[in-house]
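Secondary and tertiary structure notes
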Amino acid sequence: MQRDTMKSFLKGASWTSVTKLGLHTRPRMPPCDFTPEKYQSLGYNRVLEIHKEHLSPVVTALFQKPLLLHQGHMEWLFDAEGNRYLDFFSGIVTVSVGHCHPTVNAAAQKQLGRLWHTSAVFFHAPIHEYAEKLAALLPEPLKVIFLVNSGSEANDLAMLMARAHSNNIDIISFSLPGFSLLSYSVDQELDPIFLLFLLCRGAYHGCSPYTLGLTNVGTYKMELPGGIGCQSTMCPDVFRGPWGGSHCRDSPVQTIRKCSCAPDCCQAKDQYIEQFKDTLSTSVANSIAGFFAEPIQGVNGVVQYPKGFLKEAFELVRARGGVCIADEVQTGFGRLGSHFWGFQTHDVLPDIVTMAKGIGNGFPMAAVVTTPEIAKSLAKCLQHFNTFGGSPLACAVGSAVLEVIKEENLQENSQEVGTYMLLKFAKLQDEFEIVGDVRGKGLMIGIEMVQDKTSRQPLPREEVNQIHEDCKNMGLLVGKGGIFAQTFRIAPPMCITKLEADFAVEVFRSALTQHMERRAK
């Protein structure tokens, strides 16, 4: 699905490639028909000074020398020096239809000149137009929409809804602070990599004080108490967990692990369900409030569960009086290709769906969608109000994003280009011993780096960081995830082309080749 921009093949446009010739001929960056404005703002050293003095001391910037970005256009980013980069991380899986997409820009500019803000004490047409469009994309009875400003805020509200509706407190999410041996026989050995897996394994549902209880990635845990009533259960990771096989995942690419399962059964899924039952039996009350799950884990490194796991888990949760919450903050809006929502790939119907990031293509907006029954339960115990949620400007942007996804067939593009790229990345497993797993669906892909395929020990962080730097130096921006920061996260804007996918694969191959040569020396 190549866009018309290729027709102009530069057409006199000037741009600078960050690609430099070294020992190898670097992959040639695809053309771009956009010329960025000349950067005329703060100098780089002044930016560093201001950041150090006035902004958060928490180190979040990628790369040894953080990039100072200046402008974006569709799948491209430009830094203050005029260098061009192919953005394959989308501002942490947020830019869905492309940086500064002209249709979204035009809708925002039009609404800016008309009405920015009213709050919920007044009606305005954009919120009602948007609510109708969004509700039409979800199955019944998911049709009551609460608009908020971020994914953390959406998940906060979903937790509150679950507790208000069930009159229970305990909410379960994925992690692994401990492991029950009930399902192990006495003669089974624990795999050394599983001992690492025992340290922590987890979901990411936000960084607010409330959602930190659901989040089980060590970087985001605090020594201070918080997250009351949040319990964790084993993440059913079929690559790094204790169980996994050769056809567990809903993906064109499977793990290197072998199994003897028949096509219609999955022993790994059954074992992980036993662990989930054990959590219900030992760690929560007889009646629970709910269960949170990302259809595919994002921050944890694009982790996919065995097929059928969520369906059984949802049944077990509902039998305990709980509601099931699908966190679609990273997986929603067509990114997975085969379906518009990630929960649909698991053949489940949640009671609550949370969404953010791609909903606004980078504009701060989010939503919680639930049933009329659950919405009424919340209304009985709380006069819920949000000053900025569902502003005229946010809703105009949200409507434009939905329009672009439909008109430009971006869900179909995610399926076509994503599968094409995923299969190409998978070939790197055969070429490089340090590529342990390639996984994902549509335009949400993870490449997990290991010391070797036998042990599956994570590649040391400094080596992963160097590969990451090499990709950036050749003009490709990707993310990192996983509890050891050992997984490269590939999640470009959904407008990318096969030509750009080819470039990304070749850059990654070149970075791995350079790394193996450094290792040999």
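Keep in mind the model is a prediction, meaning the values are calculated, not measured. (Residues numbered from 1 in each chain as written. Predicted model: local features only at pLDDT ≥ 70, side-chain atom pairs only at ≥ 80, totals over all residues. Heavy atoms only, no water.)

Side note on helix α8 (residues 309-319)
For an α-helix, 3.6 residues make a turn, and residues three or four places apart therefore share a direction. Our working definition: For each residue, the accessible area found with a 1.4 Å probe, counting protein chains only, is set against the maximum for its type, and the residue is called buried under 20%, exposed over 50%, and partly exposed in between. Counting from the N terminus, the helices are DSSP H or I runs at least four residues long and the strands are E runs at least two residues long. Throughout, the arc means the angular range of directions from the helix axis out to the C-beta atoms. Only heavy atoms matter for contacts: two residues are in contact if any of them lie within 4.5 Å across the pair.
Within α8 the residues assigned to the buried category are Phe-309, Leu-310, Ala-313, Phe-314 and Val-317. What you see down the axis of α8 is that its buried residues fit within an arc of 125°, all on one side. Of the exposed residues in α8, the ones pointing more than 90 degrees away from its buried face are Glu-315 and Ala-319. Elements that come into contact with the buried residues of α8 comprise β6 (171-174), α7 (267-282), β8 (290-293) and β9 (323-327). Note on α8: the residue one or two positions beyond its end, Gly-321, has a positive phi of about 85°.

Focus on the packing of aromatic side chains
Keep this limit in mind: Think of it this way: a Phe, Tyr or Trp ring, Trp meaning its six-membered ring, pairs with another when their centres are within 6.5 Å, and the plane angle makes it stacked under 30 degrees, edge-to-face over 60, tilted otherwise. Geometrically, a charge over a ring is one whose NZ (Lys) or CZ (Arg) sits within 6 Å of the ring centre while staying within 35 degrees of the ring normal.
Tallying each qualifying case throughout the model produces 14 aromatic pairs. Ring plane angle 65° and centroid distance 4.9 Å describe the contact between Phe-333 and Trp-341, whose orientation is recorded as edge-to-face. Taking the relative accessible area as the measure of exposure, Trp-341 reaches 0% and is therefore buried. Measuring from ring centre to ring centre gives 5.9 Å for Phe-425 and Phe-508, while their planes differ by 90°; the resulting arrangement is edge-to-face. Of this pair, Phe-425 sits in helix α11 (residues 410-426) while Phe-508 sits in helix α14 (residues 498-520); the two residues are 83 residues apart in sequence, bridging distant segments of the chain. Three or more aromatic residues link up through ring pairs in this structure, and these residues are Phe-174, Phe-276, Phe-291, Tyr-305, Phe-309 and Phe-314. When the ring centre of Phe-239 is taken as origin, the NZ or CZ atom of Arg-456, which lies over that ring, is 5.9 Å away. The residue whose ring lies beneath Lys-472 is Phe-63, and the NZ or CZ to ring-centre distance is 5.3 Å.

Some remarks on unusual backbone geometry
Following Glu-140, the chain continues into Pro-141 via a peptide bond in cis, with omega recorded as 5°. Residue position: Pro-141 is located in the loop between α4 (125-135) and β5 (144-148). Look at Phe-63: it is not a glycine, yet its phi comes out positive at around 80°. Along the chain, the position of Phe-63 falls in the loop between α1 (44-54) and β2 (69-73). The exposure class of Phe-63 is buried, given its relative accessible area of 15%. A positive phi angle is found at Met-74, which is not glycine, with a value near 55°.

Brief notes about the pairing of strand β11 (residues 366-370)
Convention followed: In this scheme, strands are said to pair when DSSP sees at least two bridges between them.
By the criterion of burial, β11 is predominantly enclosed, with five of the five residues buried. Burial along β11 is two-sided: the residues Ala-366, Val-368 and Thr-370 and Ala-367 and Val-369 are all buried. Both β5 and β11 contribute to a ladder of five bridges, which runs antiparallel. Looking at the pairing, Leu-147 lines up with Ala-367 of β11. Here strand β10 (residues 352-355) pairs with β11 via four bridges, running antiparallel. Counterpart to Ile-352 in the pairing with β11 is Thr-370.

Observations regarding the pattern of salt bridges
How we decide: Note on definitions: salt bridges are taken to be side-chain nitrogens of Lys or Arg within 4 Å of carboxyl oxygens of Asp or Glu.
Applying the stated criterion across every chain, the model contains 19 salt bridges. Close ionic contact of Glu-274 with Lys-277 constitutes a salt bridge, the shortest N to O distance being 3.5 Å. You can see Glu-274 and its partner Lys-277 sitting in helix α7, three residues apart, about one turn around the helix. For Glu-274, a relative accessible area of 39% corresponds to the partly exposed category. Between Glu-463 and Arg-519 there is a salt bridge whose closest N-O contact spans 3.2 Å. Here Glu-463 is found in helix α13 (residues 461-473), whereas its partner Arg-519 is found in helix α14, with 56 residues between them in sequence. On the basis of relative accessible area, Arg-519 is assigned to the partly exposed category, the value being 38%. Each member of the salt-bridge network shares a partner with another, and the members are Arg-240, Arg-249, Asp-437, Arg-439 and Glu-448.

Topic: the confidence of the model for the chain
The criterion, for reference: Note: pLDDT gives the predictor's confidence per residue, expressed from 0 to 100.
Per-residue pLDDT for the chain has a mean of 88; in total, 85% of the residues score no lower than 70. pLDDT under 50 marks residues 1-22. Its contacts with residues more than four places away, or in other chains, come to 49 contacts. Considering only residues more than four positions removed or in separate chains, one finds that residues 176-201, a stretch of pLDDT under 50, has 62 contacts.

Focus on the sheet that holds strand β16 (residues 487-490)
Put simply, the test is: Every axis in this analysis is a line fitted to C-alpha atoms, fitted for helices over the stretch in contact. Angles between the N-to-C directions lie between 0 and 180 degrees.
With antiparallel pairing, four strands are arranged side by side in an open sheet as β12-β13-β16-β15. With partners counted over all chains shown, the strands left at the sheet margins are β12 (435-441) and β15 (479-481), one partner each. With direction set aside, neighbouring strand axes in the sheet form an average angle of 25°. α13 contacts β13 (444-449), β15 and β16 of the sheet and is inclined by roughly 160° relative to β15.

Concerning the nonpolar core
To be explicit about the condition: Residues belong to one nonpolar core when they are buried, are Ala, Val, Leu, Ile, Met, Phe, Trp, Tyr or Cys, and are joined through side-chain atoms within 4.5 Å. Where each domain begins and ends follows an automated or database-derived domain assignment.
Ranked by size, the top nonpolar core spans 98 residues in total, and within it Phe-291, Met-355, Met-421, Phe-425, Ile-447, Met-449 and Phe-508 carry the most contacts. At nine residues, helix α10 (residues 392-407) tops the list of elements feeding residues into this core. Residue assignment places this core across two domains, with domain 1 (44-96 + 410-520) and domain 2 (103-178 + 198-408) each supplying three or more. Those residues within four positions of Met-449 in sequence are excluded, and the remaining contacts are Ile-434, Val-435, Gln-457, Pro-458, Leu-459, Val-464, Ile-467, Gln-486, Phe-488, Phe-508 and Leu-512. Of all hydrophobic cores here, the second largest spans 23 residues; its members include Phe-146, Ala-162, Val-323 and Ala-366.

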